[in-house]
Amino acid sequence: QVQLVESGGGLVQAGGSLSLSCAASGRTFCSFALGWFRQPPGKARVFVAGISRSGGRTYYADSVKGRFTISRDNAKNTVYLRMNSLKPEDAAVYYCAADVVPGVRIAVRQSEYDYWGQGTQVTVSS
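Going along each chain's sequence as written, the residues are numbered from 1 onward. Local features are withheld for residues below a pLDDT of 70 in this predicted model, meaning they are given only at 70 or higher, and side-chain atom pairs are given and counted only at 80 or more; totals for whole chains, interfaces and linings count all residues. Each side-chain value is worked out from all heavy atoms of the structure, with water and hydrogens disregarded.

S.K.: Could you clarify how one ought to interpret the sheet that holds strand 1 (residues 3–7) in this entry?
M.R.: Whenever strands of a sheet pair, they do so through backbone hydrogen bonds, lying parallel or antiparallel. A pair of strands is labelled paired if DSSP reports no fewer than 2 bridges between them. The helix count covers DSSP runs of H or I at least four residues long, the strand count covers runs of E at least two residues long, and both are numbered beginning at the N terminus. Reading across from one edge, 1-3-8-7 is the order of the four strands in this open sheet, with antiparallel pairing throughout. Looking along the sheet, the strands with just one partner apiece sit at the ends: strand 1 and strand 7 (68–73). Taken over all neighbouring pairs, the strand axes of this sheet differ in orientation by 15° on average, direction set aside. In terms of strand pairing, strand 3 (residues 18–25) meets strand 8 (residues 78–83) through six bridges, oriented antiparallel. Across the sheet, Leu-20 pairs through a bridge with Leu-81, a residue of strand 8. A fitted line through C-alpha atoms serves as each axis, taken over the contacting stretch for helices, and the angle formed by two N-to-C directions is quoted from 0 to 180°.

S.K.: Explanation requested: unusual backbone geometry in the structure shown.
M.R.: Backbone phi values are negative for most residues with the exception of glycine, while trans is the configuration of most peptide bonds. In this structure, Asn-77 takes a positive phi of about 55° despite not being glycine. Relative to the elements of secondary structure, Asn-77 occurs in the loop between strand 7 and strand 8. One non-glycine residue, Ser-85, adopts positive backbone phi at about 50°. Checked against the element boundaries, Ser-85 lands in the loop between strand 8 and strand 9 (92–99). Each residue gets one of three labels from its accessible area relative to the maximum for its type: buried under 20%, exposed over 50%, partly exposed in between, using a 1.4 Å probe on protein chains only. With a relative accessible area of 41%, Ser-85 lands in the partly exposed category.

Put into structure tokens, the structure is as follows:
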């Protein structure tokens, strides 16, 4: 089993920045690919960003390219999401997820991820 716990959500003004963290435990962290998803109010959960096991490859949804950065520190068993130039449409509950048997490409489908955190709320005011 893998446990994932997000933190760092909160309220930020449009144009501002916020950093999220997700701490993992239960299995060998360095063997997972990791992703961030978000679910705006009243809408479906969608892919935001993913990172390979080593951190050498990343992939982003078009809506956040150039503004968000995913990274990981395997020594700390933690994955991060740095969000810059935030927009009101970025407001959502953000979830981290672990793909314990990753393929060559970073997964974007929710069904490809095996474990999920509880989510952390990000609110963007305008």
